[in-house]
Amino acid sequence: MQKNRIRRGIVTLCLLLAGILVLLVLSVCIGSVNISLSDIGRSLCGKEIENARILWDIRMPRALAAIILGGALGLAGYLLQTFFHNPIAGPFVLGISSGAKMMVALLLVFFLERMKRISSWTMIAAAFAGAMLAMGVVLIISRRIESMSALVVSGIMIGYICSAITELVITFASDAQIVNLHNWSRGSFSGITWDNVRIMAEIIAVTGVIVFGLAKPLSAYQLGEAYARNLGVDIRLLRVALVMLSSILSACIVAFAGPISFVGIAVPHLVKRLLGSTRPIFMIPACFLGGSIFCLFCDLLARTLCAPTELSISTVTAIFGAPVVLWVMMKRNKDKVA
């Protein structure tokens, strides 16, 4: 049985990797200007092609951003669901993305004119501060209430409060700032540069390695805090690590792509069904790869469904992610009744 689970886990990871490669090729080939595989091959060999700028300066950074940030979303959702023992916890539902969005909006409106240019690191720092603020409020509430539904409602209310503050901030923005904030707040992987890709890859790679290093204590934590303590796991330190790591991942996503909904909730459940296991050593890489596939697929649809008009990425992720959330809630209610 154990060998079968390991074999299934390895096969699933390989299939997810293959799915990413297929969607990556489709993402760089399909668009308002189609690029053939032969053109990509010639470009990789150093030969000049007609649409080299579109391929390397627009589509490739965008596709890589969808892979990296989508993976971060799936991983952040898994960490939050593990931390709260709540199947519908996620950066968007718990208001963490809204908190990050609020701080980035404050930065863009009140400091952009003074600083002239805001670096990616400053954006990430502002988003992290907002994510930690929202997470802190959620943690305070979670200690006072134990109901899953009440915690989710509280997170939604925090999201509404942060969104209301964001809208208030926008009233003081210039017309140009309002347009930029509106486009950014809808969520999008467009406009990503190679410098952005490098920074997000560095941050998420380090964070991902740390998360993978926590696979063993996370496995014990899933079986209960008392069991984890008996195995020598420092519960307090583990909880702090989960909060910090999920906030870093959420901040990086919001800083570069804006708030993206439902990916963090849906992906861990879909991956769990594929794996047939909840072991963190498989769930951690699988959630990252699953988030990458989900966002690559949704971004491809967002670009092509209504071309030349581009849909918001959150619109597409909600169409596919919201039904998963509803399914989880109905399944949980059915299990309780049974």
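The structure this text deals with has already been given above.
The sections below set out a description of the structure shown in this document. Since the structure is predicted, the reported quantities are computational estimates derived from the model, not experimental observations.

Here we take up the state of the cysteines. One pass over the full model with this rule turns up zero disulfides. The thiol of Cys14 is unpaired, and the distance to the nearest cysteine sulfur, on Cys287, comes to 17 Å. Of the cysteine sulfurs around Cys162, a residue in no disulfide, the closest is that of Cys252, at 19 Å.

Turning our attention to a nonpolar patch on the surface. Together, Phe110, Phe111, Leu168 and Phe172 line one region of the surface with nonpolar side chains, adding up to about 430 Å² of accessible area. Relative to the elements of secondary structure, Phe172 occurs in the loop between α7 (148-170) and α8 (175-185). Accessibility expressed as a relative area gives 58% for Phe172, which makes it exposed.

Going through the model one piece at a time under the given rule, you end up with three aromatic pairs. With 4.8 Å between their ring centres and 85° between their planes, Phe83 and Phe84 make a pair best called edge-to-face. The class for Phe83 is buried, based on a relative accessible area of 6%. Owing to a relative accessible area of 13%, Phe84 belongs among the buried residues under this scheme. An angle of 70° between the planes, with centres 5.4 Å apart, marks the rings of Phe297 and Phe320 as edge-to-face. With Phe297 in helix α14 (residues 280-304) and Phe320 in helix α15 (residues 313-337), the pair connects residues that are 23 residues apart, well separated along the chain. Here Phe297 falls in the partly exposed class, since its relative accessible area comes to 34%. Looking at Arg239, its charged tip hangs above the ring of Phe83, at a distance of 5.0 Å from the centre.

Moving on, we come to empty space enclosed by the protein. On inspection of all chains with the given rule, the structure shows one cavity of 30 Å³ or more. Space inside the largest cavity adds up to approximately 30 Å³. Looking at the largest cavity, the residues that line it are Ser27, Arg59, Arg62, Ala63, Asp299 and Arg303. Contributions of two or more residues to the lining of the largest cavity are made by α3 (52-84) and α14. If you tally residues by element for the lining of the largest cavity, the top one is α3, at three residues. Looking at the lining of the largest cavity, its residues break down into one nonpolar, one polar and four charged.

Within the secondary structure, Leu69 is located in helix α3. Along the sequence, Leu69 and Cys298 sit 229 residues apart, while their C-alpha atoms lie 13 Å from each other. Ignoring anything within four residues of it in the chain, the contact list for Leu69 reads Phe189, Met200, Ile204, Cys252, Ile253, Phe256 and Ala257.

A few words now on the packing of helix α6 (residues 120-144) against helix α12 (residues 235-257). Packed helix pairs are characterised by how far apart their axes lie and by the angle those axes make with each other. Two elements in contact, α6 and α12, have axes separated by 8 Å at closest approach and are oriented at 130°. The orientation of α6 relative to α12 falls into the category oblique. Helix-helix and strand crossings are classified by hand; for α6 and α12 the assignment is right-handed. Where α6 approaches α12, its residues Ser120, Met123, Ile124, Ala127, Phe128, Ala131, Met132, Met135 and Leu139 are matched on the opposing element by Val243, Met244, Ser246, Ser247, Ile248, Ala251, Ala255 and Phe256.

With that out of the way, let us pick up the pattern of salt bridges. According to the stated counting rule, one finds seven salt bridges in the structure shown. A salt bridge links Arg229 to Glu225; the nearest nitrogen and oxygen atoms lie 3.6 Å apart. Of this pair, Arg229 and Glu225 both sit in helix α11 (residues 225-230), four residues apart, which is roughly one turn of that helix. Judged by relative accessible area, which is 27%, Glu225 ranks as partly exposed.

Glancing now at the environment of Ser247. For Ser247, the position within the fold is in helix α12. What makes Ser247 buried here is its relative accessible area of 0%. In this structure, Ser247 is in contact with Phe128, Ala131, Met132 and Met135, ignoring residues within four places of it in sequence.

This part covers the nonpolar core. Residues Leu69, Phe84 and Phe189 are the most contacted members of the largest nonpolar core, which totals 101 residues. Of all hydrophobic cores here, the second largest spans eight residues; its members include Val152, Ile265, Ala266 and Val328.

Right, let's get into helix α1 (residues 2-29). Relative to the 40 Å expected for 28 residues at 1.5 Å per residue, α1 spans 41 Å between its end C-alpha atoms, a close match to the ideal helical length. Every buried residue of α1 is listed here: Gly9, Thr12, Leu13, Leu16, Ile20, Leu23, Leu24, Ser27, Val28 and Cys29. Check the buried side of α1 and you find it contacts α2 (37-44), α3, α13 (263-275) and α14.

The rules we used
Residues numbered from 1 in each chain as written. Predicted model: local features only at pLDDT ≥ 70, side-chain atom pairs only at ≥ 80, totals over all residues. Heavy atoms only, no water. Disulfide = S-S within 2.5 Å. Patch = residues over 30% accessible without salt bridge, like charges linked within 9 Å, V, L, I, M, F, W, Y side chains within 5 Å. Areas by Shrake-Rupley, 256 points an atom, 1.4 Å probe, with all protein chains shown as cover. Salt bridge = Lys/Arg side-chain N within 4 Å of Asp/Glu carboxyl O. Helix = DSSP H or I, 4+ residues; strand = E, 2+ residues; numbered from the N terminus. Buried < 20%, exposed > 50% of the residue type's maximum accessible area, 1.4 Å probe, protein only. Phe/Tyr/Trp six-rings, centres within 6.5 Å; stacked < 30°, edge-to-face > 60°. Lys NZ or Arg CZ within 6 Å of the ring centre and 35° of its normal. 1 Å grid on protein atoms, 1.4 Å probe; cavity = no way out; pocket = protein on both sides within 12 Å on 5 of 7 lines; lining within 4 Å. Points joined across faces, edges and corners; volume = space filled by probe spheres on them. Nonpolar A, V, L, I, M, F, W, Y, C, P; charged D, E, K, R; others polar. Contact = heavy atoms within 4.5 Å. Axes fitted to C-alpha atoms, helices over the stretch in contact; angles between N-to-C directions. Parallel < 35°, antiparallel > 145°, perpendicular 65-115°, else oblique. Left-handed = near helix turned anticlockwise from the far one by under 90°. Core = buried A, V, L, I, M, F, W, Y, C linked by side-chain atoms within 4.5 Å. Expected span 1.5 Å × (residues − 1).

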